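Summary of the model geometry
For reference, the chains in residue letters:
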Amino acid sequence: MSRAVLITGAARGIGRACALKFAKEGWDVIACYARAQHAAQSLEQEIRQMGMQCRCLQVDVTDRAAVHRLVLLAQAEFGALDAVVCNAGIAQQKLFADITEDDWDHMFDVNVKGMYHVIHEALPQMLDRQAGSIVTISSVWGQTGGSCEVHYSASKAAVIGMTKALAKELGLSGIRVNCVAPGVIDTDMNRMHGEDVMHALAEDTPLGRNGTPEEVADAVYWLASDQARFVTGQVIGVNGGFYI
Ligand code: NAD
């Protein structure tokens with residue numbers, strides 16, 4: 001029987017690469033996205049062509065009721081969730097002095113509270129089965145702090161705290177919780193940087209380049225899979241050595 005994974009923010013970038021990786025490994029995928037409807041439809045098609053089931057729905061992770069419906073649908077269509085990947089996230093570049101209260105709240109609503117909603121809704125069925133794996137996505141900036149990204153860095157540091165605390169709380173329930181902290185990855189999120197900035201970041205990376213969404217997806221999949229059955233509470237940097 002195939003296994004099922006719930007992935008947030010899967011229409012594009014790292015989330016999409018995760019969805020395709022899980023499907024390639026024989027998992028059914030239930031996913032959500034914020035806006036990119038065409039991309040979501042093409043993801044569903046691509047995964048179905050691989051012989052796996054996929055539903056990719058427009059669900060804002062800040063909307064608790066919508067997340068609740070997503071998890072109910074996942075259960076109804078795919079049965080129990082074996083893994084959850086909390087990937088949906090936003091970034092913003094601003095001087096700290098220019099960050100408004102709305103900027104701050106929105107960053108935490110999506111990057112932290114959205115993750116709380118998704119895990120809180122998916123957890124009861126994992127607790128019932130005393131099994132499951134949760135992978136959260138933080139960022140190298142949540143580990144080191146990024147200039148002009150104080151609210152983003154703070155939200156991604158919160159993700160690490162949440163991961164470690166949950167791993168301790170859920171270990172005896174047979175549920176593992178781990179985190180991937182990507183370095184600079186070539187996705188739409190980084191389009192706000194010019195090519196010169198992306199080039200400079202690559203030069204600051206010991207492996208001499210920026211990463212791909214697929215390289216992050218490989219780590220996410222490994223953490224979710226039984227290959228990592230004795231791994232919990234860990235933060236795995238997929239950053240080319242940018243932060244060691
Ligand atoms: P992206 O902007 O390409 O994709 C983000 C995805 O999240 C999109 O599918 C979007 O629809 C979804 N999303 C955003 N807000 C949402 C909401 N409120 N509800 C539901 N979905 C929502 O970005 P990406 O680079 O693929 O980033 C994925 C994750 O990786 C994010 O959490 C990001 O912070 C993290 N990350 C990215 C990088 C990088 O360099 N790209 C580095 C470190 C961490």
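Everything in this summary refers to the structure shown in the same document. (Residues numbered from 1 in each chain as written. Predicted model: local features only at pLDDT ≥ 70, side-chain atom pairs only at ≥ 80, totals over all residues. Heavy atoms only, no water.)

1. Digging into the overall build of the protein
- In terms of helices and strands, the protein carries eight helices and seven strands.
- At 17 Å, the protein has a C-alpha radius of gyration in line with the 18 Å of a compact globule built from 244 residues.
- If you line up the protein on its principal axes, its C-alpha atoms span 45 × 40 × 35 Å.
- Within the protein, the fraction of its 244 residues that count as buried is 50%. (Helix = DSSP H or I, 4+ residues; strand = E, 2+ residues; numbered from the N terminus. Rg over C-alpha atoms; globule rule 2.2 N^0.38 Å. Buried < 20%, exposed > 50% of the residue type's maximum accessible area, 1.4 Å probe, protein only.)

2. So, the packing of aromatic side chains
- Across all of its chains, the model carries five aromatic pairs by this definition.
- Where Phe22 meets Tyr221, the ring centres are 5.0 Å apart and the plane angle is 80°; that geometry is what we call edge-to-face. Of the two residues, Phe22 is situated in helix H1 (residues 13-24) and Tyr221 in helix H8 (residues 213-224); the sequence distance between them amounts to 199 residues. Accessibility assignment for this pair places Phe22 and Tyr221 in one class, buried. (Phe/Tyr/Trp six-rings, centres within 6.5 Å; stacked < 30°, edge-to-face > 60°.)

3. Considering the site of the ligand
- Residues in contact with the ligand amount to 29 residues; listed here are only the nearest, Arg12, Asn87, Tyr152, Thr187 and Asn190.
- With respect to the ligand, the backbone of Gly9 contributes an N or O atom lying 3.2 Å from an oxygen atom.
- Interatomic distance of 3.0 Å between a backbone N/O atom of Ala34 and an oxygen atom of the ligand.
- Relative to its unbound accessible area of 820 Å², the ligand is 94% covered by the protein chains.
- Residue assignment for the shell around the ligand shows that the elements contributing at least two residues are H1 and helix H6 (150-170).
- Its residues assigned to classes, the shell around the ligand shows 16 nonpolar, nine polar and four charged. (Near = heavy atom within 4 Å. Polar contact = N/O pair within 3.5 Å; in protein donor to acceptor, adjacent residues only side chain to side chain. Areas by Shrake-Rupley, 256 points an atom, 1.4 Å probe, with all protein chains shown as cover. Nonpolar A, V, L, I, M, F, W, Y, C, P; charged D, E, K, R; others polar.)

4. As for the nonpolar core
- By size, the foremost hydrophobic cluster in this structure holds 37 residues, and its most contacted members are Val5, Ile7, Phe22, Val29, Ile47, Val180 and Val220.
- Looking at this core, the elements that each hand over two or more residues are strand S1 (3-8), H1, strand S2 (27-33), helix H2 (37-49), strand S3 (54-58), strand S4 (83-86), strand S5 (132-137) and H8. (Core = buried A, V, L, I, M, F, W, Y, C linked by side-chain atoms within 4.5 Å.)

5. Brief notes about H1
- The end-to-end C-alpha separation of H1 is 17 Å, in line with the 16 Å expected for twelve residues at 1.5 Å each.
- Most of H1 sits inside the fold, with ten of its twelve residues counted as buried.
- Those residues of H1 lying buried are Ile14, Gly15, Arg16, Ala17, Cys18, Ala19, Leu20, Lys21, Phe22 and Ala23.
- A positive phi of about 95° marks Gly26, the residue just after H1. (Expected span 1.5 Å × (residues − 1).)

6. A look at the sheet that holds S4
- If you trace the seven strands from one edge of the open sheet to the other, you get S3-S2-S1-S4-S5-S6-S7, paired in parallel fashion. At either end of the open sheet lies a strand with only one pairing partner, and these are S3 and strand S7 (235-238). On average, each strand axis in the sheet is inclined to that of its neighbour by 15°, with strand direction left out of account.
- Two strands pair when backbone bridges link them, and strand S6 (residues 175-182) and S7 are joined in this way by four bridges, in the parallel orientation. Looking across to S7, one finds that Val180 is bridged to Ile236.
- With respect to the sheet, H6 is in contact with S5, S6 and S7, its orientation differing from that of S6 by roughly 160°. (Pairing = 2+ DSSP bridges. Axes fitted to C-alpha atoms, helices over the stretch in contact; angles between N-to-C directions. Contact = heavy atoms within 4.5 Å.)

7. Looking at the pattern of salt bridges
- Across all of its chains, the model carries 13 salt bridges by this definition.
- For Asp188, the salt bridge identified is with Arg12, shortest N-O distance 3.7 Å. In this pair, Asp188 sits in the loop between S6 and helix H7 (195-203) while Arg12 sits in the loop between S1 and H1, placing the two residues 176 residues apart along the sequence.
- Among the residues examined, Arg12 registers a relative accessible area of 48% and is labelled partly exposed.
- The network of salt bridges with shared partners includes Arg12, Asp186, Asp188 and Arg191. (Salt bridge = Lys/Arg side-chain N within 4 Å of Asp/Glu carboxyl O.)

8. Examining a negative patch on the surface
- A cluster of acidic side chains, namely Glu101, Asp102, Asp105 and Asp109, defines a negative patch on the protein surface.
- Position of Asp105 among the secondary structure elements: in helix H4 (residues 101-129).
- Since its relative accessible area comes to 37%, Asp105 is described here as partly exposed. (Patch = residues over 30% accessible without salt bridge, like charges linked within 9 Å, V, L, I, M, F, W, Y side chains within 5 Å. Lys, Arg positive; Asp, Glu negative; His and termini not counted. Charge placed at Lys NZ, Arg CZ, Asp CG, Glu CD.)

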